Amino acid sequence: MEACTINATGVGQYDATELIEAENYFELRGDGVKIDLLAEGDDDGDAGFAVALHAGSELFYPNIKLPAAAAGHSASILRLKLTLYLAAAATGATITASSASGQVLGSSIVPFTSAWSSYRAVLVPVDIPVDSLDEHGRLDLVLSLGVEAASALVRSNGGERARLKHFALELQ
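This is a predicted model, so every value here is computed, not measured.

1. So, the overall build of the protein
Thinking step 1. Helices and strands together make up the secondary structure of the protein, namely 2 helices and 12 strands.
Thinking step 2. Along the protein, helices and strands appear, N-terminal first, in the series β-β-β-β-β-β-α-β-β-β-β-β-α-β.
Thinking step 3. Looking at the protein as a whole, 44% of its 172 residues qualify as buried.
Thinking step 4. Considering only intrachain contacts with a sequence separation of at least 6, the fraction spanning at least 24 residues in the protein is 75%.
Thinking step 5. Put simply, the protein shows about 8,500 Å² of open surface, and 51% of that area lies on carbon and sulfur atoms.

2. Focus: unusual backbone geometry
Thinking step 1. Even without a glycine there, the phi angle at N63 is positive, about 55 degrees.
Thinking step 2. Structurally, the position occupied by N63 is in strand β6 (residues 58-65).
Thinking step 3. One non-glycine residue, S114, lies in positive phi territory at about 80 degrees.
Thinking step 4. Looking at the secondary structure, you find S114 in the loop between β9 (104-109) and β10 (120-129).
Thinking step 5. Owing to a relative accessible area of 52%, S114 belongs among the exposed residues under this scheme.

3. Examining the environment of L143
Thinking step 1. Among the structural elements, L143 can be located in strand β11 (residues 138-147).
Thinking step 2. Looking at L143, the relative accessible area reads 2%, which means it is buried.
Thinking step 3. Beyond its immediate chain neighbours, meaning those up to four positions away, L143 contacts S57, E58, L59, Y61, L82, L84, T96, A97, L164 and F167.

4. A short note on the packing of aromatic side chains
The relative placement of two aromatic rings is captured by the distance of their centres and the angle of their planes.
Thinking step 1. As enumerated under the stated definition, the model contains 3 aromatic pairs in all.
Thinking step 2. Summarising the aromatic geometry, the rings of Y61 and F167 are spaced 4.9 Å apart at their centres and angled 70 degrees between planes, so their arrangement reads as edge-to-face. Taken together, the residues Y61 in strand β6 and F167 in strand β12 (residues 160-171) connect sequence positions 106 residues apart. Exposure class is identical for Y61 and F167. Each is buried.
Thinking step 3. A connected cluster of aromatic rings, assembled from ring pairs, spans Y14, Y61 and F167.
Thinking step 4. One Lys or Arg, R29, reaches over the ring of F60 and ends 5.0 Å from the middle of that ring.

5. Brief notes about the pattern of salt bridges
Thinking step 1. Evaluation of the coordinates by the stated rule reveals 5 salt bridges.
Thinking step 2. The partner of E170 in a salt bridge is K81, with the nearest N and O atoms 3.5 Å apart. In this pair, E170 sits in strand β12 while K81 sits in strand β7 (residues 77-87), placing the two residues 89 residues apart along the sequence.
Thinking step 3. The class for K81 is partly exposed, based on a relative accessible area of 27%.
Thinking step 4. Taking the shortest distance from any N to any O, the salt bridge between E160 and R163 comes out at 2.4 Å.
Thinking step 5. Accessibility expressed as a relative area gives 6% for E160, which makes it buried.
Thinking step 6. For R163, a relative accessible area of 5% puts it in the buried group.

6. Re the environment of L133
Thinking step 1. As for its position among the elements, L133 is in the loop between β10 and β11.
Thinking step 2. Here L133 falls in the buried class, since its relative accessible area comes to 16%.
Thinking step 3. C-alpha of L133 to C-alpha of N63: the two residues are 70 residues apart in sequence and 9.1 Å apart in space.
Thinking step 4. With residues near it in sequence (within four places) discarded, L133 still touches L66, L78, I128, R138 and L139.

Each value, and the rule that gives it
- Residues numbered from 1 in each chain as written.
- Predicted model: local features only at pLDDT ≥ 70, side-chain atom pairs only at ≥ 80, totals over all residues.
- Heavy atoms only, no water.
- Helix = DSSP H or I, 4+ residues; strand = E, 2+ residues; numbered from the N terminus.
- Buried < 20%, exposed > 50% of the residue type's maximum accessible area, 1.4 Å probe, protein only.
- Contact = heavy atoms within 4.5 Å.
- Areas by Shrake-Rupley, 256 points an atom, 1.4 Å probe, with all protein chains shown as cover.
- Phe/Tyr/Trp six-rings, centres within 6.5 Å; stacked < 30°, edge-to-face > 60°.
- Lys NZ or Arg CZ within 6 Å of the ring centre and 35° of its normal.
- Salt bridge = Lys/Arg side-chain N within 4 Å of Asp/Glu carboxyl O.

Now the structure itself:
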């Protein structure tokens, strides 16, 4: 059973006005594992967890409450900026944001950060069709990792391609 964060948002729900910690996913599909950063020797002062992502890994975050300004949005497409805090010690990976129904909302190449403990903000513009939100204006988000052929570094690290620490969604 995964960790449960107790706050005013509720179980299985997320608030986009705050950072969403990667390890608080609702479901992890495919290979991937939660990593204790302190045990790994991460000394950036932000002790906590990250999720090691492999080719084909998918993280599911249902019921994301979007910023209040999004609720009154009248256009058919809602433009948001997804900021992912990622580390990658190899090149060739792409992170994709999709709706739960599989509609691609945006994607970006995962930059080489030189070390697993070196995180960088990766900005992904996302276009969310308003009709893909639930009746309360909430988003079901899937983050997935696609890759090119694995390098020797990736093969020696058990197939790990990127680490996600947390992410944020905000209006553009």
